[in-house]
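# Examination of the molecular architecture
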Amino acid sequence: MRKIVITGIGILILVGAFGLSTFFKNSKKQPPKSISKNEKVVFTETIKNNEIPIVITADGNLVAKNKVELFTEVQGVLQATGKEFRAGVNYRKGETLLRINNEEHYATLQAQKSSLQNLIVSIMPDMRLDYPEAFDKWNQYLQNFDINKSVQKLPETSSDKEKYFVTGKNIYATYYNIKNLEARLLKYNIRAPFSGILTEVLVTQGTLVRAGQKMGEFINPNIYELEVSINAAYVNILSKGKEVILQDLEKTQNWTGTVSRINGRIDQNTQTVKVYINVKGKDLREGMYLEAKVPAKSETNVYEISRKLLVENKSVYVVKDSVLDLVEIKPIYFNENTVIVRGLNDGTQLVNKPISGGYSGMKVRMISENK
């Protein structure tokens with residue numbers, strides 16, 4: 001009986017606690033939930049397509065059009081000339097740039113000339129007896145022979161017998177050996193192939209130079225060439241002789257150049273073509289960095305926007321009925337900071353500033369910034 005009473009009291013306590021909890025829960029008023037609408041502010045501009053002239057921009061470093069690297073083909077000690085062989089020194093065409101000591105080679109040449117003279121003298125008695133018709137021309141050649149001048153061409157033979165006779169006396173071999181030595185003697189003096197300036201010097205007076213050694217670099221500072229890479233799609237617009245505007249990095253100086261050459265091969269990696277521009281003028285230096293502006297053609301029904309607005313290089317955000325929409329466009333030409341595109345209809349509200357976290361269907365509040 002006692003257990004039944006205790007169990008009943010426990011059940012009553014639980015029922016009372018549950019009822020009391022329900023009463024307090026129902027008596028508490030829930031505050032009304034406010035629905036917040038987060039509208040992002042975007043800046044837009046109204047599209048108005050028009051015709052835009054495309055100016056291709058490319059850059060590169062100037063290289064002297066007439067430039068030679070100076071190498072020696074002979075060995076010897078450098079001797080002084082009328083001018084110092086130093087970078088920045090100007091030379092006129094034909095002036096001696098370098099002179100290498102040639103005393104040993106000159107002595108060998110003179111010895112060979114003397115040998116040729118002696119050989120001709122030795123055949124003269126036989127010429128008078130066996131080839132009287134050829135005697136006069138060989139005698140005349142001998143009388144005009146000057147060991148201190150370049151050897152003149154040997155007389156023409158009148159018959160095979162005469163030719164075999166002269167050949168057997170080793171006259172032809174000696175003659176051609178002398179001509180070879182004379183040609184090599186000229187290489188001991190290196191002359192300026194054109195009027196210009198030394199830009200690099202690797203040797204000094206008194207230096208022993210060896211055959212094949214580079215001694216410097218010589219350029220014509222009056223005309224330069226600029227190599228630039230142009231998009232292959234616009235190469236057909238360019239032609240030899242077309243004028244191009246060139247600017248320095250600071251945009252403070254301008255020069256006018258002309259297209260001199262266009263490479264016939266397209267670079268497979270970049271899809272560009274090398275174009276070479278001739279330019280001359282004051283204050284130009286080899287290695288100078290210049291930017292070329294090449295007028296190409298005008299594109300119609302296009303619009304120019306910032307490159308930052310592109311999404312994956314094929315889409316832009318526009319606003320339709322206060323909602324963002326992602327529309328595809330066709331990029332026509334990329335400038336340094338802008339891109340010319342086609343595919344936006346007139347009157348479209350283009351988002352003209354990048355949106356952080358934007359997505360298609362996003363609710364926005366539009367602020368117009370018409371150009």
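As a starting point, this report considers the structure included with it. Position labels on residues start from 1 in each chain and follow its written sequence. This being a predicted model, a pLDDT of at least 70 is required before a residue's local features are given, and a value of 80 or more before pairs of side-chain atoms are given or counted; all residues contribute to the totals for chains, interfaces and linings. With hydrogens and water stripped out, all remaining heavy atoms of the structure feed into the side-chain values.

Turning to the pattern of salt bridges, a few remarks are in order. Salt bridge, as used here, is a side-chain nitrogen of Lys or Arg placed within 4 Å of a carboxyl oxygen of Asp or Glu. According to the stated counting rule, one finds 17 salt bridges in the structure shown. Note that K113 and E182 form a salt bridge whose closest N and O atoms lie 3.9 Å from each other. A residue pair is termed long-range when its members are at least 10 positions apart, and K113 in helix α2 (residues 103-130) and E182 in helix α5 (residues 171-186) qualify at 69 residues. Using a 1.4 Å probe on the protein chains alone, a residue whose accessible area is under 20% of its type maximum counts as buried, one over 50% counts as exposed, and one in between counts as partly exposed. Taking the relative accessible area as the measure of exposure, E182 reaches 12% and is therefore buried. A salt bridge links R342 to E299, with the shortest nitrogen-to-oxygen separation between them at 3.1 Å. The secondary structure listing takes helices from DSSP runs of H or I that are at least 4 residues long and strands from runs of E that are at least 2 residues long, numbered from the N terminus.

Before going further, it helps to spend a moment on the packing of aromatic side chains. Any pair of Phe, Tyr and Trp rings, taking the six-membered ring for Trp, is counted once the centres come within 6.5 Å. Such a pair is stacked with planes under 30 degrees apart, edge-to-face with planes over 60 apart, and tilted for the rest. Taken as a whole and judged by the stated rule, the model has six aromatic pairs. Ring geometry for Y131 and F165: centres 5.4 Å apart, planes at 40 degrees, overall tilted. Remark: F165 occurs in helix α4 (residues 160-168) and Y131 occurs in the loop between α2 and α3 (132-143); sequence separation between them is 34 residues. For Y131, a relative accessible area of 14% translates into the label buried. An aromatic cluster is defined as three or more aromatic residues linked by ring pairs; in this entry it consists of Y91, F194 and F218.

Our focus in this paragraph is the side chain of S315. Structurally, S315 is set in strand β16 (residues 315-320). Note on S315: relative accessible area 5%, which makes it buried. Note on definitions: a residue-residue contact is assigned when non-hydrogen atoms from the two residues lie within 4.5 Å. Leave out the neighbours within four places in its chain, and S315 touches L309, L310, L326, V327, E328 and I329.

Our next topic: the nonpolar core. Within this scheme, the nonpolar core is defined by two criteria: the residues are buried Ala, Val, Leu, Ile, Met, Phe, Trp, Tyr or Cys, and they are joined through side-chain atoms within 4.5 Å. With 39 residues, the main nonpolar core has L116, I120, M127, W138 and F218 as its most contacted residues. L226, L290, V302 and I332 belong to the second-largest nonpolar core, a separate cluster that totals 31 residues.

Moving on: the environment of G216. Of note, G216 is situated in strand β10 (residues 214-219). Residue G216 is classed as buried on the basis of its relative accessible area of 0%. Expressed as a C-alpha distance, the spacing of G216 and L198, which sit 18 residues apart in the sequence, is 7.4 Å. In contact with G216, other than residues within four places in its own chain, are V68, E69, L70, E200, V201 and L202.

By themselves, these are just geometric observations and shouldn't be taken as functional.
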